[in-house]
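What follows is the residue order along each chain.
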Amino acid sequence: MNNAPQSITELLERAQAIAGLSLQELANQVQIELPLNAKKEKGWTGQLIELSLGATAGSKPIQDFPQLGVELKSLPIDRSGRPLESTYVCMTQLLHAHGETWQQSSVRNKLSHVLWVPVLAERSIPIAQRIIGHALLWSPDKEEEATLRQDWEELMEAVAFGRVDEITARHGQALQLRPKAANSKVRTQAYGRDGQLIETLPRGFYLRRSFTQALLEKHFANLS
DNA sequence: AGCTGATCATAA
DNA sequence: TTATGATCAGCT
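Residues numbered from 1 in each chain as written. Chains lettered and ligands numbered in written order. Predicted model: local features only at pLDDT ≥ 70, side-chain atom pairs only at ≥ 80, totals over all residues. Heavy atoms only, no water.

Undergrad: Can you explain unusual backbone geometry? Please cite residues and give values.
TA: One non-glycine residue, Gln31, lies in the positive phi region at around 55°. Along the chain, the position of Gln31 falls in the loop between helix H2 (23–29) and helix H3 (44–53). (Helix = DSSP H or I, 4+ residues; strand = E, 2+ residues; numbered from the N terminus.)

Undergrad: Report on the protein's contact with DNA strand B, specifying residues and quantitative values.
TA: In the vicinity of DNA strand B there are 19 residues, among which Lys42, Ala169, Gln176, Ala181 and Ser184 approach most closely. When atoms of DNA strand B within 4 Å of the protein are sorted by moiety, sugar and phosphate together comprise 65%. At 3.1 Å, a side-chain N or O of Arg170 approaches a sugar or linking oxygen of DNA strand B. Take the surface near DNA strand B: its biggest share by element is three residues, from strand S6 (residues 175–179). Looking at the surface near DNA strand B residue by residue, the class counts come to six nonpolar, five polar and eight charged. (Near = heavy atom within 4 Å. Polar contact = N/O pair within 3.5 Å; in protein donor to acceptor, adjacent residues only side chain to side chain. Nonpolar A, V, L, I, M, F, W, Y, C, P; charged D, E, K, R; others polar.)

Undergrad: Could you give me a rundown of the sheet that holds strand S2 (residues 87–91), with the residues and numbers involved?
TA: Read from one edge of the open sheet, three strands run S2-S9-S6, paired in antiparallel fashion. Edge positions in the sheet fall to S2 and S6, since each has one partner strand and no second. Pairs of neighbouring strands in the sheet enclose a mean axial angle of 35°, with direction left out of account. The pairing of S2 with strand S9 (residues 203–207) spans four bridges and is classified as antiparallel. Within S9, the residue paired with Met91 across the bridge is Gly204. Packing against the sheet, helix H5 (residues 142–160) makes contact with S6 and S9, and its axis sits at approximately 40° to S6. (Pairing = 2+ DSSP bridges. Axes fitted to C-alpha atoms, helices over the stretch in contact; angles between N-to-C directions. Contact = heavy atoms within 4.5 Å.)

Undergrad: Would you mind going over the protein's contact with DNA strand C in detail, with residue names and values included?
TA: Taken together, 27 residues are adjacent to DNA strand C, and Ser74, Tyr88, Arg123, Lys180 and Tyr206 come closest. Near the protein, within 4 Å, the atoms of DNA strand C are sugar or phosphate in 63% of cases. Between DNA strand C and the protein, one listed contact pairs a phosphate oxygen with a side-chain N or O atom of Gln93 at 3.3 Å. When contributions to the surface near DNA strand C are tallied by element, the ones reaching two or more residues are H3, strand S1 (71–77) and S2. When residues of the surface near DNA strand C are assigned to their parent elements, the largest contribution, four residues, is made by S1.

Below you can see the structure in the form of structure tokens.
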């Protein structure tokens, strides 16, 4: 099961096969240990699912299934099927904001085809007992794409004009720019108001919970 | 309760 | 250092 899926169909079959399993059962299947301190190994569930489905990209800034053009995202949900958290998309290129277009952006690249794997993951449920849900292969519809593009363009324009330090998580309808670092002391370079280099916190793009929630609701509406 | 800013582990 | 996988936890 650790080889990369050769087709979308094969990927979907693998995703279907793990639906309903607990993380304990899935970990047994791929022979990895559950984390001793799940609070600290925040990415463990996502990596377990990557391993189970045969994702290969590692920590490279590309899609999880480059051959298929598909990005994999685990999505923690509550028992009502509502997302519990925002979704990390990718790092923000603070020095190359000028001239980059939405079409060539890594946000669009990552989000053009996403295999969402919901996981029932309320904090009260021990990690071993959390349950894999039914995966959903999604592409943004016209409206979603327009919203994402508008957010991205506004945020990247601010970055390009040296205003990254003025951006907060309150900006963006669907897409947010938020800190993405080991801690708040980490610094990377960006441009300041006068075009000079400044040191600032690394940022990443995130999807708001409301956006992923709406996307799931649309999917379920289409099923009925 | 939900959201924003902060944080944790790991690989190359 | 920068990227991946994300969730934590305090504040409003």
